[in-house]
Amino acid sequence: MDLGLISVRYARALLKASVEEELSDRVYADMQTLSESYIKVPELRFTIDNPMLSKDSKQELLCAATGGEPSPLTLRFLELMLQEGRESIIQLVSNSYLTLYRKRNNLIEAKLLTASPLAVETEKRLRQLVESKTNGKVVFESKVEPDIIGGFILEYDTYRMDMSVKSRLAAVAHSLSK
């Protein structure tokens, strides 16, 4: 049984239903929160997969993992997954939904790492740069990492632009060691 294929089918069905009910943005937010919950709390997966836990308890846990008040469609979807015994692939389905939603809405995820907080104008220019290259709307995740010493690292799609001082110093050290 190909769990990836099954999870994509469930995600497509959820996306189709969410578009029809005009809840796709709300379901997207629910799936983002659920996906983050699985990452931040690894025990969630083991708890949801536990056959000794009742479906009602699993439902309550999953509702809490979506932020406490999921959309009615998300709630029905989670009930369906539990009813069908598919709780073990809920994490895969949520990730697949996020991917399908982003593709449908031409959203590009970008990560920006800097040594210190960036000015809003500079971040805006970097966002415009990525949007011009991808012809999509960019969802930026900015993070400050003092380890890179200075400069920035920008990642989107399959591209990585590393303009950090740390990588430049490593390149100089490598060339000197030859």
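Residues numbered from 1 in each chain as written. Predicted model: local features only at pLDDT ≥ 70, side-chain atom pairs only at ≥ 80, totals over all residues. Heavy atoms only, no water.

**Student:** Can you lay out helix α7 (residues 120-134) for me, pointing to particular residues and giving the numbers?
**Tutor:** Taking 1.5 Å per residue, 15 residues should reach 21 Å; α7 reaches 21 Å between its end C-alpha atoms and fits that length. Within the span of α7, buried status applies to Leu126, Val130 and Thr134. The buried residues of α7 all sit within an arc of 65 degrees when viewed along its axis, so they share a single face. Opposite the buried face of α7, by more than 90 degrees, sit the exposed residues Val120, Arg125 and Ser132. Looking at the buried residues of α7, the elements they touch are β1 (107-114), β2 (137-144) and β3 (152-156). (Helix = DSSP H or I, 4+ residues; strand = E, 2+ residues; numbered from the N terminus. Expected span 1.5 Å × (residues − 1). Buried < 20%, exposed > 50% of the residue type's maximum accessible area, 1.4 Å probe, protein only. Arc of directions from axis to C-beta. Contact = heavy atoms within 4.5 Å.)

**Student:** Give a description of the sheet that holds β2 that names residues and reports values.
**Tutor:** If you trace the four strands from one edge of the open sheet to the other, you get β2-β1-β3-β4, paired in mixed fashion. The two strands at the open ends of the sheet, each matched to only one other strand, are β2 and β4 (159-162). Between one strand axis and the next, the sheet turns by 15 degrees as a mean value, whatever way the strands run. Of the pairings in the sheet, the one linking β1 to β3 comprises five bridges and is antiparallel in character. In the sheet register, Ala110 faces β3, and the bridge partner there is Tyr156. Against the sheet, α7 makes contact with β1, β2, β3 and β4, and its axis sits at roughly 140 degrees relative to β2, the strand it touches most. (Pairing = 2+ DSSP bridges. Axes fitted to C-alpha atoms, helices over the stretch in contact; angles between N-to-C directions.)

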